[in-house]
Amino acid sequence: LKSLGPQDNRIVNKGSLIAVSYEARAKGVKRIMRGAEARKVCPDLILVQVPTAHGKADLTIYREASARIVTVLSNSEIYKACIVERASIDEVYVDVSADAEKL
């Protein structure tokens, strides 16, 4: 994982936000806000341009990473008795009820 610096060319000020961290949400930033509007409520906000294709956000690399994580969790010995369910591109539910009942 690499931190972005001010010189990184992926830092942008325009476009609509497609994802917002919990820290930015706490300061009033919301999904679909425009970059300039989000900076008004959170001046220290760092906006990062995701890859694009055909004029839209291309989330392919995020979907692929998410699928790999679900596969790892599903095949893990630790979660063997658990049900792993993908909720969204960046959320997974892990039902640990079967293991919890053994306690």
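About the cut-offs
- Residues numbered from 1 in each chain as written.
- Predicted model: local features only at pLDDT ≥ 70, side-chain atom pairs only at ≥ 80, totals over all residues.
- Heavy atoms only, no water.
- Salt bridge = Lys/Arg side-chain N within 4 Å of Asp/Glu carboxyl O.
- Helix = DSSP H or I, 4+ residues; strand = E, 2+ residues; numbered from the N terminus.
- Buried < 20%, exposed > 50% of the residue type's maximum accessible area, 1.4 Å probe, protein only.
- Contact = heavy atoms within 4.5 Å.
- Core = buried A, V, L, I, M, F, W, Y, C linked by side-chain atoms within 4.5 Å.
- Pairing = 2+ DSSP bridges.
- Expected span 1.5 Å × (residues − 1).
- Arc of directions from axis to C-beta.
- Patch = residues over 30% accessible without salt bridge, like charges linked within 9 Å, V, L, I, M, F, W, Y side chains within 5 Å.
- Areas by Shrake-Rupley, 256 points an atom, 1.4 Å probe, with all protein chains shown as cover.

**Student:** Tell me what's going on with the pattern of salt bridges, and back it up with residues and numbers.
**Tutor:** The final tally for this structure, using the stated rule, is one salt bridge. Here Lys27 makes a salt bridge to Asp44, at a shortest N to O gap of 3.3 Å. Pair noted here: Lys27 is in the loop between helix H1 (22-26) and helix H2 (35-41) and Asp44 is in the loop between H2 and strand E1 (52-53), with a separation of 17 residues, a long-range link. Residue Lys27 is classed as partly exposed on the basis of its relative accessible area, which comes to 45%.

**Student:** Account for the side chain of Ser66, with residues named and values stated.
**Tutor:** Mapped onto the fold, Ser66 is located in helix H3 (residues 60-75). For Ser66, a relative accessible area of 6% translates into the label buried. With residues up to four places along the chain from it excluded, the contact list for Ser66 reads Arg86, Ser88 and Ile89.

**Student:** Could you give an account of the nonpolar core, naming the residues involved and the relevant values?
**Tutor:** One broad trend across soluble globular proteins is that nonpolar side chains are buried collectively. Of all hydrophobic cores here, the largest spans nine residues; its members are Leu17, Val20, Ala24, Val29, Met33, Ala38, Cys42, Leu45 and Leu47. Setting aside residues up to four positions removed in sequence, Leu45 forms contacts with Ala24, Val29, Ala38 and Arg39.

**Student:** Describe the pairing of strand E4 (residues 91-95), naming the residues involved and giving the relevant values.
**Tutor:** In the sheet, strand E3 (residues 83-88) pairs with E4 via five bridges, with the strands oriented antiparallel. When the sheet's bridge partners are listed, Val84 is paired in E4 with Val94. The turn linking E3 back onto E4 is made up of two residues.

**Student:** Summarise H3; cite the residues concerned and give the values.
**Tutor:** Across its 16 residues, H3 extends 23 Å between first and last C-alpha, which sits within 8% of the 22 Å expected from 1.5 Å per residue. Taken together, the buried positions of H3 are Ser66, Val70 and Leu73. The arc enclosing the buried residues of H3, seen along the axis, measures out at 65°, which places them on a common side. Residues of H3 that are exposed and angled more than 90 degrees away from the buried face: Arg68, Val72 and Asn75. Where the residues of H3 are buried, they touch E3 and E4.

**Student:** Residue-level account of the environment of Ile78, with values.
**Tutor:** With respect to the element layout, Ile78 can be found in the loop between H3 and E3. Assessed through its relative accessible area of 64%, Ile78 is described here as exposed. For the pair Ile78 and Asp99, spaced 21 residues apart in sequence, the C-alpha separation works out to 10.0 Å.

**Student:** Can you tell me about a nonpolar patch on the surface, naming the residues and giving the values?
**Tutor:** A surface patch of nonpolar side chains, amounting to about 260 Å² of accessible area, comprises Ile61, Tyr62 and Ile89. By secondary structure assignment, the location of Ile61 is in helix H3. Owing to a relative accessible area of 48%, Ile61 belongs among the partly exposed residues under this scheme.

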